[in-house]
Amino acid sequence: MTAIGMPAVRVDRTRAVPWLQEYGVYIGVAALLVFNLVFTPHFLSLENFRTQAVQVTPVLILSLGMALVIATGGIDLSVGSVMALSAAMISLYLGYGPVVAVLVALVAGAAAGAVNGALVAFAGVQAIVATLAMMIGGRGLSLVLLPQLDGIRNPGIRELGAGEALGVPYLVWISAVLVAVVVFVVRRTVFGRRIVAIGGNRRAGELSGLPVRRTLLVVYVLCGLLAAVAGVLATARLQASDPNSIGRLIELSAITAVVVGGTPLQGGRVRIAGTVAGAVLMQLLVSTLIKHDLPPSWTQIAQTAVIIAAVYVARERGRK
Amino acid sequence: MAIDPSDRAERAPRRTATVLTAAGCTALALLAASCARGEDEAAGGQDGGDTAAQAQVLEDAAGSGETCSAEQAGIEEFDLADMKVGFSQSEAESNPFRITETASIEKEAEKRGVELITSNAQSDFAQQISDVQDLMSQGAELLIIAPLNSDGWEPVLAEAERKQVPIVTIDRQINGDACGDYVTFIGSDFVEQGRRAADQMTEALGGKGEVAILLGAAGNNVTTERTKGFKERIEENAPGIEIVFEQTGEFTREGGQSVTEQLIQSNPDIDGVYAENDEMGIGAVTALRGAGKEPGEVEIVTVDGTEEAVQLILDGWVHGVVESNPRFGPLAFDAHESFGKGEEVPVELIISDREYDADNAEEERSNAY
């Protein structure tokens, strides 16, 4: 794969770079797949793909919300803490049954998103500051609510985390449906167009009468909601609510997936398929290094290399 | 046409922002405070009431044999009952070890009627340094410290020396002069814990097979020492056991689960998993269960001795657990007491940890934490 890409870069830089921006992440995924097929024993099995798909679920769902926020030119650092908040809610409200507990967790996520959105859209606080506050406060609140890990024995929640339908785990179904919904929203709805328009030029959006603030608010609420979904699913998979360690540093993985997938951090553009591929790329990378039993420090170095490569390609775009 | 946007920016949005932020925060607060109902009452047993059986016991032969007395340290003798004790905890009380450790210190202070002030650094080392300084300025005359790191304590040690405050460190060591900088260190021998885990693994596998290690957090002496002891002993005693996989699970359940899922994909024939703490071991069990394995198909050995892990021995999933006893209260106060009386206190007190396996898990379960 790279053999095809390399000469192209040398031959025609102006054509190759946009092409890399568009398809680089898919090339990365394909390269890792080929590498694993050749060098990793037992890679080509249904079980293995199921494991990877299940493990990528939380980051994938977070990165959907993150992509929308980044498309508006914002950022949401609080997603990991919102996951912790929803994990705590599950444990606190499970006495009313799994459905109520999940609903409460989702409401908590939406409420956290609403606070972020209100601060960003209406109070004019910078996204990085507003969501940083929620990142710290949300984690603190969830630890106050549930100071230690709490095992979950409820069969409904455990089934959600470990069960499957038609041979595909529920977690994978849910993330697939969410991806489809977000793709539809971005491509086919007015709301999707507004997100990109605001990210491209907020002032122009305001002047042409777009409901800029309302749109921003909804975007942050959606991001909080998706983070809560990720928190519920991660809790179900772990069969325990663990607000202390759930979602720690996961916001960085989500941002990485979005950026590697070709959505520029300055906003105005969004690529959901690329984001999905970005999340899959990072998951495959980590899994490859673990399966080959390389030291964990290598994983961090490899992730750095991918991010730098992605940012380098994005820089070329900015220069033109 | 529409209202001038700059005009709109001035009035309504501010109010909307306040209303929305307030509404969001209220919603969170309501969810947090009101009518929560958990699945059931959490299992108790973590009140830190140290029964005789649960209490730490000292290893006879361990330690350097060096001792320290008030005279040697140049500190006046004192009566523990009249002193104010400061306790600095390193990590959040969100795992059973830290919960039990703090509870044990508090319980012992209450039992002896000693005034205790506490702080928690939430895994932030700079915070712990200022915590201890705060404790001293609040009038702590004796210190018990559970250090987050071993190095970097100079500012605290200097101030403690000036104020003549004796220090007992628990569970991790402070690098400094024994008897000069601190009175004594009370803790487990982590290398020995690794060796004992290796013995359990050797027994479980009959001395033959492929084993994976779930490492703790990188750059932590607990991780390096538990790994070192395990590998040493396997190399010595069980040449038939091969360590084929070493990845970090960061001491968390989620980490243990994810890494084990990858492990059983790439090494389907793995025979044993050594988890360097209970949480990762429990995560490994969740992963094996999810993959449709039966209890005992993969032998698991862990370190810590939490209730949940000991229960998993009874369920057949875990072969054995090496304990790391966090109930430091009695020994820590004993050390301060004898030091105050002018007696010789060993500068290193190594505790002897118990071990759980299928033979004793049922009767010893009450000692787990």
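What you see is a predicted model, and the numbers here were worked out from it, not measured in a lab.

**Student:** Explain a nonpolar patch on the surface here, please?
**Tutor:** All names here are of chain A. On the surface, V34, F35, L37, V38, F39, L44 and F49 cluster together into a nonpolar patch covering about 700 Å² of accessible area. If you tally residues by element for the nonpolar patch, the top one is helix α2 (residues 13–39), at five residues. Inspection of the secondary structure puts F35 in helix α2.

**Student:** What exactly am I supposed to notice about the confidence of the model for chain A here?
**Tutor:** Close reading of the predicted structure is inappropriate where its pLDDT is low. Residue and element names in this part refer to chain A. For chain A, the mean per-residue pLDDT works out to 89, and 94% of the residues sit at or above 70. No element of chain A has a lower mean pLDDT than helix α1 (residues 2–11), which averages 48, and none a higher one than helix α8 (residues 170–188), which averages 96. Taken together, the stretch residues 1–6 has pLDDT below 50 and engages in two contacts with residues farther than four places along the chain or on a different chain.

**Student:** What should I look at first to understand the UniProt feature "transmembrane region" (unreviewed entry) in chain A in this one?
**Tutor:** Residue and element names in this part refer to chain A. This chain's UniProt record puts "transmembrane region" (unreviewed entry) on residues 23–44, 56–75, 81–107, 119–146, 166–186, 217–240 and 296–314. A helix fraction of 77% and a strand fraction of 0% characterise residues 23–44, whose end C-alpha atoms lie 24 Å from each other. Secondary structure over residues 166–186 splits into 81% helix and 10% strand, and the C-alpha atoms at its two ends are 29 Å apart.

**Student:** Hey, could you run me through helix α4 (residues 79–93) of chain A in this one?
**Tutor:** For an α-helix the count is 3.6 residues per turn, leaving residues at separations of three or four pointing the same way. Counted at 1.5 Å a residue, the expected span for α4(A) with its 15 residues is 21 Å, and the 21 Å between its end C-alpha atoms agrees. Judged by how many residues are buried, α4(A) sits mostly within the fold: 15 of 15 residues are covered.

**Student:** Would you mind showing me how to read the pattern of salt bridges here?
**Tutor:** Oppositely charged side chains can pair when the atoms bearing their charge come close. Residues and elements named next belong to chain B. Summed over the entire model, instances satisfying the criterion amount to 26 salt bridges over all chains. Among the ionic pairs, E108 bridges to K111, the shortest N-O distance being 3.8 Å. One end of the pair, E108, and the other, K111, are both in helix α4 (residues 96–112), three residues apart, so they sit about a helical turn from each other. On the basis of relative accessibility, which here comes to 67%, the residue K111 falls in the exposed class. For R233, the salt bridge goes to D199, with nearest N and O atoms at 2.8 Å. Linking R233 in helix α8 (residues 221–237) with D199 in helix α7 (residues 190–205), this pair joins segments that are 34 residues apart in sequence. With a relative accessible area of 18%, R233 lands in the buried category. Salt bridges here are not isolated pairs; linked through shared partners, they connect E91, R98, E101, D171 and R172.

**Student:** In this structure, what is going on with the sheet that holds strand β3 (residues 84–89) of chain B? I would like to understand it.
**Tutor:** Through backbone hydrogen bonds, the strands of a sheet pair up, either in parallel or in antiparallel fashion. Residues and elements named next belong to chain B. Read from one edge of the open sheet, seven strands run β1-β14-β7-β6-β5-β3-β4, paired in mixed fashion. On the outer flanks of this sheet lie β1 (57–58) and β4 (115–120), each paired with one strand and no other. When strand β7 (residues 184–187) meets strand β14 (residues 348–352), the two strands line up parallel, connected through three bridges. Opposite I186, over in β14, you have L349 as the bridge partner. Contacts between α4 and the sheet are confined to β3, β4, β5 (142–145) and β6 (167–170), with β3 contributing the most and set at about 175° to the helix.

**Student:** What exactly am I supposed to notice about the pairing of strand β10 (residues 272–275) of chain B here?
**Tutor:** A regular strand carries its side chains on alternate faces of the sheet. Residues and elements named next belong to chain B. Taking every second residue as pointing to the same face, both faces of β10 are buried, with G272 and Y274 on one and V273 and A275 on the other. For strand β8 (residues 209–215) and β10, the ladder comprises four bridges, and the chain directions are parallel. Directly across from V211, in β10, lies its bridge partner G272. Of the pairings in the sheet, the one linking β10 to strand β11 (residues 299–304) comprises four bridges and is parallel in character. What sits directly across from G272, in β11, is E299. For the crossover that starts at β10, traverses helix α10 (residues 278–290) and ends in the parallel β11, the hand is right-handed.

**Student:** Mind showing me how you'd approach the interface of chain B and chain A here?
**Tutor:** When the parts of a complex come together, some accessible area is lost, and that lost area is often taken as the interface size. If you look at the interface, chain B gives 47 residues, while chain A gives 53 residues. When chain B packs against chain A, close to 4,300 Å² is buried across both sides, 55% of that on carbon and sulfur atoms. Its largest share of buried area at the contact with chain A, chain B owes to E39(B), Q262(B) and Q265(B), together 17% of the area lost on that side. The interface formed by chain B and chain A includes two salt bridges. Among the salt bridges present, the one from R237(A) reaches E254(B), with a minimum N-O distance of 3.1 Å. Seen at the junction of chain B and chain A, the total is 13 residue pairs in polar contact (both at pLDDT 80 or more). By residue number, the principal contributor to the side of chain B that touches chain A is helix α2 (residues 12–33) of chain B, which donates 13 residues. Partitioned by chemical class, the residues of the side of chain B that touches chain A number 18 nonpolar, 16 polar and 13 charged.

**Student:** Would you take a moment to explain helix α13 (residues 272–291) of chain A for this structure?
**Tutor:** For α13(A), built from 20 residues, the straight-helix expectation of 28 Å at 1.5 Å per residue is met to within 8% by its first-to-last C-alpha distance of 28 Å. Downstream of α13(A) by a residue or two, D293(A) has a phi angle that is positive, lying close to 55°.

**Student:** Can you walk me through the packing of helix α3 (residues 46–71) of chain A against α13(A) in this structure?
**Tutor:** The relative placement of two packed helices is expressed as an angle between their axes plus a distance between the axes. Residue and element names in this part refer to chain A. Running from amino to carboxyl end, α3 crosses α13 at an angle of 140°, the nearest separation of the two axes being 9 Å. In terms of orientation, α3 lies oblique with respect to α13. The two elements α3 and α13 meet at a crossing, and its hand is right-handed. Of the residues in α13, those in contact with N48, Q52, Q55, V56, V59, L60, S63, L64 and A67 of α3 are I272, T275, V276, A279, V280, Q283, S287 and K291. Here the residues of the contact of α3 with α13 are counted per class, giving nine nonpolar, seven polar and one charged.

**Student:** Help me out: how do you make sense of the sheet that holds strand β15 (residues 355–357) of chain B in this one?
**Tutor:** Residues and elements named next belong to chain B. With mixed pairing, six strands are arranged side by side in an open sheet as β9-β8-β10-β11-β12-β15. Two strands bound the open sheet, and with one partner strand each, they are β9 (241–248) and β15. Strand-to-strand twist of the sheet, defined as the mean angle between neighbouring strand axes without regard to direction, takes the value 15°.

**Student:** In this structure, what is going on with the state of the cysteines? I would like to understand it.
**Tutor:** Linking two cysteines covalently through their sulfur atoms gives a disulfide. Taken as a whole and assessed by the stated rule, the structure comprises one disulfide over all chains. Here C223(A) stays free of any disulfide, with the sulfur of C25(B) as its closest cysteine sulfur at 17 Å. Note on C223(A): relative accessible area 1%, which makes it buried.

**Student:** Is there a simple way to think about a negative patch on the surface in this case?
**Tutor:** All names here are of chain B. A contiguous patch of negative charge on the surface is contributed by E203, D359, E362 and E363. On the secondary structure map, E362 appears in helix α13 (residues 361–364). By relative accessible area, E362 is classed as exposed at 55%.

**Student:** Help me understand the nonpolar core in this model?
**Tutor:** L62(A), M66(A) and M89(A) are the most contacted members of the largest nonpolar core, which totals 83 residues. With 14 residues, the single largest contributor to this core is helix α11 (residues 212–238) of chain A. With sequence-adjacent residues up to four places away left out, M89(A) is seen in contact with V104(A), A105(A), A108(A), L145(A), L31(B) and A32(B). One finds L80(B), V85(B), V114(B) and C179(B) within the second-largest nonpolar core, a separate group that totals 31 residues.

So, how was this worked out
- Residues numbered from 1 in each chain as written.
- Chains lettered and ligands numbered in written order.
- Predicted model: local features only at pLDDT ≥ 70, side-chain atom pairs only at ≥ 80, totals over all residues.
- Heavy atoms only, no water.
- Patch = residues over 30% accessible without salt bridge, like charges linked within 9 Å, V, L, I, M, F, W, Y side chains within 5 Å.
- Areas by Shrake-Rupley, 256 points an atom, 1.4 Å probe, with all protein chains shown as cover.
- Salt bridge = Lys/Arg side-chain N within 4 Å of Asp/Glu carboxyl O.
- Helix = DSSP H or I, 4+ residues; strand = E, 2+ residues; numbered from the N terminus.
- pLDDT = per-residue confidence, 0-100.
- Contact = heavy atoms within 4.5 Å.
- UniProt positions renumbered as here; feature names shortened; annotations may be inferred.
- Expected span 1.5 Å × (residues − 1).
- Buried < 20%, exposed > 50% of the residue type's maximum accessible area, 1.4 Å probe, protein only.
- Pairing = 2+ DSSP bridges.
- Axes fitted to C-alpha atoms, helices over the stretch in contact; angles between N-to-C directions.
- Right-handed = clockwise from strand over helix to strand, strands pointing away.
- Buried area = accessible area lost by both parts, 1.4 Å probe.
- Polar contact = N/O pair within 3.5 Å; in protein donor to acceptor, adjacent residues only side chain to side chain.
- Nonpolar A, V, L, I, M, F, W, Y, C, P; charged D, E, K, R; others polar.
- Parallel < 35°, antiparallel > 145°, perpendicular 65-115°, else oblique.
- Left-handed = near helix turned anticlockwise from the far one by under 90°.
- Disulfide = S-S within 2.5 Å.
- Lys, Arg positive; Asp, Glu negative; His and termini not counted.
- Charge placed at Lys NZ, Arg CZ, Asp CG, Glu CD.
- Core = buried A, V, L, I, M, F, W, Y, C linked by side-chain atoms within 4.5 Å.

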